[in-house]
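Overview (structure and organization)
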Amino acid sequence: MSSRFVAGFRIEDALTVAQTLDKQGLFSTLDSLGENVSSPDQARRAAQVYHRLLDAIAGLNSNVSLKLTQMGMDLGEGLAFDIVSGLVRHAVEAGTFVRVDMEGSPYTQATLDMVRRLHALPENRGHVGIVIQAYLRRSQKDIATLLADGIRIRLCKGAYKEPPEIAFPGKSEVDQNFVALMKMLLKSGIYHGIATHDEAMIRATKDFAAAERIDRGSFEFQMLYGIRRDLQRKLVQDGYKVRVYVPFGEQWYPYFMRRLAERPANVLFLARNFFRK
Ligand code: FDA
């Protein structure tokens, strides 16, 4: 059932998807699934997959997305820094980019600190970026700090269960904040990603760009593999850049559960197909 959202188990499966997307004019970012590893060995093995990916995506409009807890963050920030800085160095050599995904709120500050530290090395400038979640009350301040550093941001709504002290509980507040943050990003002159399948958020982004005469090529929309393919293609036809997040690997369960939780209708959809087979 997870194949609705996951490209497959192997690197080759993700590359096949990336090549197909490339032919359709869609960019990709590849995610080797996994989080919260429990030994340095596991973290290093996870990084090896990314090193192979960075070599394999040469020639494609593709980059990689990773999670710090997969790179050993729970075992020590030093370990995660060593591993991720090795990957960013590889991305610099390969002329590509590493996006550090944002996980639950216990990791927000540590992720910001890590990405800022990596980006502060002059050779890494423009080759490592971060994700900001519009549901977090702190995000506006964080964006201001990141923009001052010139760091590329992916803006999304946020996928983890958070308490109301930390995150806006209602959809309308999250959406309102998303639009406010999107405007900060588009006005910054830095190349960012607006990651959503919400047509209202996409419309607000297009309208703001048009009103402010911001070039369609100066930012990109981002969507998840398997979600709203029709919209992905339509945006490309209309001259926008679109990047698809392509997860793959055997550790698909937490990712899959977050996708189901986002949209209860998915459970029904999957169950129906399951029983039909
Ligand atoms: P919203 O949830 O309001 O959904 C709007 C519409 O989109 C729905 O009505 C439906 O049509 C469609 N849709 C949304 N989710 C769907 C689903 N699961 N299945 C089918 N249809 C769906 N989060 C995070 O915390 N850290 C991160 O690093 C990232 N990274 C990331 C990368 C990219 C490229 C994307 C697109 C998203 C993320 N996310 C994320 C996930 C994000 O925070 C959010 O949970 C989802 O994108 C769903 O929110 P929407 O903006 O799509 O809006």
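Structure's up top.
Quick summary incoming for the structure in this document.

Scoring rules and cut-offs
- Residues numbered from 1 in each chain as written.
- Predicted model: local features only at pLDDT ≥ 70, side-chain atom pairs only at ≥ 80, totals over all residues.
- Heavy atoms only, no water.
- Buried < 20%, exposed > 50% of the residue type's maximum accessible area, 1.4 Å probe, protein only.
- Helix = DSSP H or I, 4+ residues; strand = E, 2+ residues; numbered from the N terminus.
- Pairing = 2+ DSSP bridges.
- Right-handed = clockwise from strand over helix to strand, strands pointing away.
- Expected span 1.5 Å × (residues − 1).
- Near = heavy atom within 4 Å.
- Polar contact = N/O pair within 3.5 Å; in protein donor to acceptor, adjacent residues only side chain to side chain.
- Areas by Shrake-Rupley, 256 points an atom, 1.4 Å probe, with all protein chains shown as cover.
- Nonpolar A, V, L, I, M, F, W, Y, C, P; charged D, E, K, R; others polar.
- Axes fitted to C-alpha atoms, helices over the stretch in contact; angles between N-to-C directions.
- Parallel < 35°, antiparallel > 145°, perpendicular 65-115°, else oblique.
- Contact = heavy atoms within 4.5 Å.
- Phe/Tyr/Trp six-rings, centres within 6.5 Å; stacked < 30°, edge-to-face > 60°.
- Lys NZ or Arg CZ within 6 Å of the ring centre and 35° of its normal.
- Salt bridge = Lys/Arg side-chain N within 4 Å of Asp/Glu carboxyl O.

A short note on the pairing of strand β2 (residues 62-66)
Each regular strand displays side chains that alternate between the two surfaces of the sheet. The buried fraction of β2 is high, at five of five residues. Of the two faces of β2, the one carrying S62, V64 and L66 and the one carrying N63 and S65 are both buried. Where strand β1 (residues 27-32) meets β2, three bridges bridge the pair, whose relative direction is parallel. Its bridge partner lying in β2, L30 is registered against V64. Once you follow β1 into helix α2 (residues 40-56) and on to β2, the crossover reads as right-handed. In terms of strand pairing, β2 meets strand β3 (residues 98-100) through three bridges, oriented parallel. Considered in β3, the bridge of S65 is made with R99. Between β2 and its parallel partner β3, the chain crosses via helix α3 (residues 77-94), and the hand of that crossover is right-handed.

So, α3
Compared with an ideal rise of 1.5 Å per residue, which puts 18 residues at 26 Å, α3 spans 25 Å between its outermost C-alpha atoms and is within 8% of the ideal. Every buried residue of α3 is listed here: L79, A80, F81, I83, V84, S85, G86, L87, V88, H90 and A91. Just past α3, the residue G95 takes up positive phi, approximately 70°.

Focus on the site of the ligand
Neighbouring the ligand are 24 residues; G158, T196, H197, E262 and N266 lie closest to it. A distance of 2.8 Å separates an oxygen atom of the ligand from a polar side-chain atom of K157. Take E262: an N or O atom from its side chain is 2.6 Å from an oxygen atom of the ligand. Taking 930 Å² as the accessible area of the ligand by itself, protein coverage stands at 87%. Within the residue set of the shell around the ligand, elements represented by two or more residues are β4 (128-133), β5 (153-156), β7 (219-224) and α9 (253-262). Here the residues of the shell around the ligand sort into 10 nonpolar, six polar and eight charged.

Remarks on the sheet that holds β7
Pairing in this closed barrel of eight strands is parallel, and the strands run β1-β2-β3-β4-β5-β6-β7-β8 around the ring. Sheet twist, expressed as the average angle between the axes of neighbouring strands with direction ignored, equals 30°.

Brief notes about the packing of helix α5 (residues 139-149) against helix α6 (residues 171-187)
Where α5 meets α6, the axes come as close as 10 Å, and the angle between the chain directions of the two elements is 5°. Classified by the angle their axes make, α5 and α6 are roughly parallel. Residue-level contacts link S139, Q140, I143, A144 and L147 of α5 to L181, M184 and L185 of α6. Looking at the contact of α5 with α6 residue by residue, the classes come out as six nonpolar, two polar and no charged.

Quick word on the packing of aromatic side chains
Describing an aromatic ring pair means giving the distance of the ring centres and the angle of the ring planes. For the coordinates displayed, the defined rule picks out seven aromatic pairs. Aromatic side chains W252 and Y253 sit 6.1 Å apart centroid to centroid with 65° between the ring planes, which places their arrangement in the edge-to-face category. Exposure remark for W252: the relative accessible area of 25% places this residue in the partly exposed category. Taking the centre distance of 5.7 Å and the plane angle of 75° together, the rings of W252 and F256 count as edge-to-face. Judged by relative accessible area, F256 falls into the buried class, the value being 6%. Taken together, the aromatic side chains of F5, W252, Y253 and F256 make up a single cluster linked through ring pairs. Directly above the aromatic system of F97 lies the positively charged group of R152, at a separation of 3.9 Å from the ring centroid. Lying over the aromatic face of Y255, R259 brings its terminal NZ or CZ to 4.6 Å of the ring centre.

Overview of the pattern of salt bridges
Under the counting rule described, the total for this entry stands at 18 salt bridges. Among the salt bridges present, the one from E12 reaches R10, with a minimum N-O distance of 4.0 Å. Residue E12 is classed as partly exposed on the basis of its relative accessible area, which comes to 39%. You can call R10 partly exposed: its relative accessible area is 48%. Among the salt bridges present, the one from R258 reaches E35, with a minimum N-O distance of 3.2 Å. One end of the pair, R258, is in helix α9; the other, E35, is in the loop between β1 and α2, with 223 residues separating them in the sequence. Accessibility assignment for this pair places R258 and E35 in one class, buried. Residues participating in the shared-partner salt-bridge network are K157, K171, D175 and D198.

Focus: unusual backbone geometry
Even without a glycine there, the phi angle at N36 is positive, about 50°. Checked against the element boundaries, N36 lands in the loop between β1 and α2. A positive phi angle, near 50°, is found at R228, a position not held by glycine. The residue R228 is located in the loop between β7 and α8 (229-237) in this model.

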